[in-house]
Amino acid sequence: MTGPSEAGAHHNGPMHWNDALAEQFAWHWEHHLRPRMAGLTDAEYHWEPVDGCWGVRHVDDTSPSTVTIRSGAGDWRCEYAWPAPDPAPVTTIAWRLAHLVVGVFGMRNHSYFDAPPVDYDSWHFAGTADEALAQLDTQVRTWLDGVRALDDSRLAEQVGAREPAAFAHLTITDLVLHIHREAIHHGAEICLLRDLYAHQPGGTRPTA
């Protein structure tokens, strides 16, 4: 089995926990997830595999929907409902990328690493796959740079008011592990949607 150990997880000397935390996601991002997103087309990006999907839609799209909220500040809006239905609807690749950009990385980059403010209401969501991937690349780069700069005292710091009250007692280490789980989880969903799209009649198999 090959993997992160090749990039330095086995080393002599003191353990640097922020390096290990960053490497947990960095290796997966650089060697698996980001290459699997290469060549994403706009058709795949907006593809709705079933009826009733949540997606990222143009403001002029008046398609009938059970969506109660369309957030965003630009020409494209991210759909959701509050409270969320049970079961929640299937979401498009566009929606999942938007969630990673804003809810997973962007808001935390602002809260923990002094990046510009990010929220669902003010974000200019991407109408194309290339734009969405460029947004994601920027947020992932900012996140990994921030994680690599954490020292032991910051890793042990409680997240406090930066997260919902139920999680305020958890440490930044806990937060980093959670964000990486979220990114790997949603990334796997995107990869699966690409595979399903490719295996439709007339679909194209992703090359990466």
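For the structure, see preceding data.
This section reports on the structure supplied with the text.

### Observations regarding the environment of V159
And step 1. Within the secondary structure, V159 is located in the loop between α5 (152-156) and α6 (172-198).
And step 2. Taking the C-alpha atoms as reference, V159 lies 5.6 Å from T171; in sequence the two are 12 residues apart.
And step 3. Setting aside its immediate chain neighbours within four residues, V159 contacts Y112, F167, A168, L170, T171, I172 and L175.

### Observations concerning helix α3 (residues 93-113)
And step 1. Within α3, the axis deviates most sharply at F105, by approximately 35°.
And step 2. Counting buried positions along α3 yields 18 of 21 residues, so the element is predominantly enclosed.
And step 3. Of the residues flanking the end of α3, it is D114, one or two places downstream, whose phi is positive at about 60°.

### A look at the packing of aromatic side chains
And step 1. All chains considered together, the criterion is met by 8 aromatic pairs.
And step 2. Judged by centre distance (5.8 Å) and plane angle (40°), the ring pair of F25 and F105 falls under tilted. Taken together, the residues F25 in helix α1 (residues 17-36) and F105 in helix α3 connect sequence positions 80 residues apart.
And step 3. The class for F105 is buried, based on a relative accessible area of 1%.
And step 4. Seen from their ring centres, Y80 and Y120 are 6.4 Å apart, and the 55° between their planes marks the pair as tilted. Here the residue Y80 occupies a position in strand β3 (residues 76-80), and Y120 occupies one in the loop between α3 and α4 (129-149), the gap between them amounting to 40 residues.
And step 5. One aromatic cluster in this structure is built from F25, W29, F105, F113 and W143.

Calculation criteria
Residues numbered from 1 in each chain as written. Predicted model: local features only at pLDDT ≥ 70, side-chain atom pairs only at ≥ 80, totals over all residues. Heavy atoms only, no water. Helix = DSSP H or I, 4+ residues; strand = E, 2+ residues; numbered from the N terminus. Contact = heavy atoms within 4.5 Å. Bend = angle between axes of the 7 residues up to and from the residue. Buried < 20%, exposed > 50% of the residue type's maximum accessible area, 1.4 Å probe, protein only. Phe/Tyr/Trp six-rings, centres within 6.5 Å; stacked < 30°, edge-to-face > 60°.

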